[in-house]
Amino acid sequence: MVETTVAHRTLAAGAGVLAGLAGIAAGSATAVFTGGPSPVIAVGNAVVARTPGFLKDFAVRQFGENDKAVLLGGMAVVLVALAAVAGWIGLTRIEVAVGLVLALGALAALATAVDTSTSASLVVALLAPLVTTAVGATAIVLLLRPLREAREPDAGADPLGRRPGDDLPSGFDRRRFLVAVLGTAAVATVGAGISRTLGTSGAATSRAAVKIPAPASAAPPLPAGTDPLRGISPYLTPNRDFYRVDTALIVPDVPADTWRLRIHGDVDQELELDFAELLDQRLIERRITLTCVSNEVGGPYAGNATWIGVPLTDLLRRAGVRDGADALKCTSADGMVIGTPLDVVTDGRDAMIAIAMNGEPLPLDHGFPARMVVPGLYGYVSATKWLVDIEVTRFSEFEAYWTERGWAEKAPIKLASRIDVPRSFESFAPDAVRVGGVAWAQHVGVDNVEVRVDDGPWEPARLVPQDGIDTWRQWTWQWQDATPGDHELTVRATDADGNTQTSDRAQPRPDGSTGWHSVRFSVK
Ligand SMILES: Nc1nc2c(c(=O)[nH]1)N[C@H]1C(S)=C(S)[C@@H](COP(=O)(O)O)O[C@H]1N2
Ligand SMILES: [Mo]
């Protein structure tokens, strides 16, 4: 009969976790050199790409912009659990532990093979999962060996060699185990150190060196009276507060000095520009409000920024668009494919390849070094970040990432309005019921905002003077003779074409939410 104790098993489970960490760290360090995805990120990307639409909607609703952290955290929990189980079982059945490591390695290799987030060649990219598997398997064997030998009945062992209170079995070679632990921990530490220090620096360093030239066409002066009320969305959204929506588990690392943009397809003359050439084009500066189609009524996924960029039409004119094309198939450095209607970007609006946001080079998570911005279109059909390729083509020739997942092929931004103040369940003194928010109807313009308390009449809100038709408008309203008690405030906007927001509630999918936003508050 062999002896295994709980302490023994626990130590084995810990050894499994340590072996797993070493394997993952070694694989991630390898990925730094191959330029491929690290094994964990490859698996994460595969999960993101294959998550059914309804689950993705759910995740965005539940976790908002933390959805990536939740996914990576969940994967970490699963991996640690599997590694512990491998160690625990490996104590008595080492072939099961090694088999589990090999299976996880195969999964990582498969995920790497289908990953589009890097441009590394497949054979080279597969080195990372290979190293992960080899290191993980070797480490678990070496770590478990002293523990396994300890449980074998040892005729020669001195029963008195066992210290009192020590529930590890006799014959346990502490020294050998310690050496294996230290060795594995060293591999884990060095691997993690390499992927940390060398893995993420390119774009950040390059961004710090970028100087954005003065635009040939500056934005008009800001209208007077913006930001009329504390607590409403600032007219211009600071970069650090700007909403972020994308599928990138780690922000694509695209240094400006190696970046290229290719414009090709149904054109007379293919174009390829590097970043310096892009900066040399005629630059325009415009304020444009971006909105995500996933924004629920009253939701946070809209932001207004001052962008500097190259008019898309300048580049398309140079390339010479051929008859018959109706789409731009835009691809990012991480393999995102977004389809943008050609007639919209060429109708005279300020569609641009943006290089600056609120006076700085694009932040890394907002698409450095270059992204598209098209006034009036939801981000998922227009705002390609880390843009590297524009193919002039037809919608019938390709399927965009989100279209494959049940979202509409074309999606102009819908008229919307939002109450920022009060937040839900705030209470006011009767003479101090001041409310406000924003309303948007990009590339049409907002003409009017009205509010209503409970089932009362619609009352006109005061609007900040219009900046341009591509930005949101802030609005405020004060309730003059507020009656004490609990109330509901509702808002609706009317656009410059005279359309008033519908009260019909629509979900974000397939082409944007509709409905009126309301908030409950009380008067003391
Ligand atoms: N490469 C890439 N670009 C992308 C996306 C993405 O997932 N990957 N998401 C799009 C969506 S859905 C939106 S709403 C906007 C958001 O831009 P922001 O994160 O700068 O606010 O980026 C768009 N561009
Ligand atoms: Mo979006």
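Residues numbered from 1 in each chain as written. Chains lettered and ligands numbered in written order. Predicted model: local features only at pLDDT ≥ 70, side-chain atom pairs only at ≥ 80, totals over all residues. Heavy atoms only, no water.

### A closer look at the state of the cysteines
Here's step 1: In total, this model carries zero disulfides according to the counting rule given.
Here's step 2: Between Cys 330, a free cysteine, and Cys 292, which holds the nearest cysteine sulfur, the sulfur-to-sulfur gap is 17 Å. (Disulfide = S-S within 2.5 Å.)

### Quick notes on the sheet that holds strand S13 (residues 433-440)
Here's step 1: One open sheet holds the four strands; their spatial order is S11-S13-S17-S16, and the pairing between them is antiparallel. Every other strand in the sheet has two partners, leaving strand S11 (416-421) and strand S16 (462-463) as the edge strands with one partner each. (Pairing = 2+ DSSP bridges. Helix = DSSP H or I, 4+ residues; strand = E, 2+ residues; numbered from the N terminus.)

### Structural notes on the site of ligand 1
Here's step 1: Within the structure, ligand 1 sits among 19 residues, and Tyr 243, Thr 247, His 366, Arg 371 and Lys 385 are positioned closest to it.
Here's step 2: A distance of 2.7 Å separates an oxygen atom of ligand 1 from a polar atom in the backbone of Tyr 243.
Here's step 3: Between ligand 1 and Ala 383 there is a distance of 3.1 Å, counted from a nitrogen atom to a backbone nitrogen or oxygen.
Here's step 4: Protein burial of ligand 1: of its 530 Å² of free accessible surface, 99% is covered by the chains.
Here's step 5: Here the residues of the shell around ligand 1 are counted per class, giving nine nonpolar, five polar and five charged. (Near = heavy atom within 4 Å. Polar contact = N/O pair within 3.5 Å; in protein donor to acceptor, adjacent residues only side chain to side chain. Areas by Shrake-Rupley, 256 points an atom, 1.4 Å probe, with all protein chains shown as cover. Nonpolar A, V, L, I, M, F, W, Y, C, P; charged D, E, K, R; others polar.)

### Quick look at the pairing of strand S19 (residues 517-523)
Here's step 1: Across the seven residues that make up S19, a large majority, five, are buried.
Here's step 2: Where strand S12 (residues 426-428) lies against S19, three bridges are found, and the strand directions are parallel. Its bridge partner being in S19, Glu 426 is matched across the sheet by Phe 521. (Buried < 20%, exposed > 50% of the residue type's maximum accessible area, 1.4 Å probe, protein only.)

### Quick notes on the domain arrangement of the protein chain
Here's step 1: Each domain of the protein chain was delimited in the assignment, giving domain 1 (6-199), domain 2 (239-405) and domain 3 (416-523).
Here's step 2: Averaged C-alpha coordinates put domain 2 and domain 3 at centres separated by 31 Å.
Here's step 3: If you look at the interface, domain 2 gives 23 residues, while domain 3 gives 20 residues.
Here's step 4: Roughly 1700 Å² of surface becomes buried between domain 2 and domain 3 when both sides are summed, with 51% attributable to carbon and sulfur atoms.
Here's step 5: Taken together, domain 2 and domain 3 are joined by eight residue pairs in polar contact (both at pLDDT 80 or more).
Here's step 6: Among the elements of the structure, strand S3 (284-291) and strand S4 (302-311) are those that each provide at least two residues to the side of domain 2 that touches domain 3.
Here's step 7: With five residues, the single largest contributor to the side of domain 2 that touches domain 3 is S3.
Here's step 8: Looking at the side of domain 2 that touches domain 3 residue by residue, the class counts come to nine nonpolar, nine polar and five charged. (Domains from an automatic or database assignment. Contact = heavy atoms within 4.5 Å. Buried area = accessible area lost by both parts, 1.4 Å probe.)

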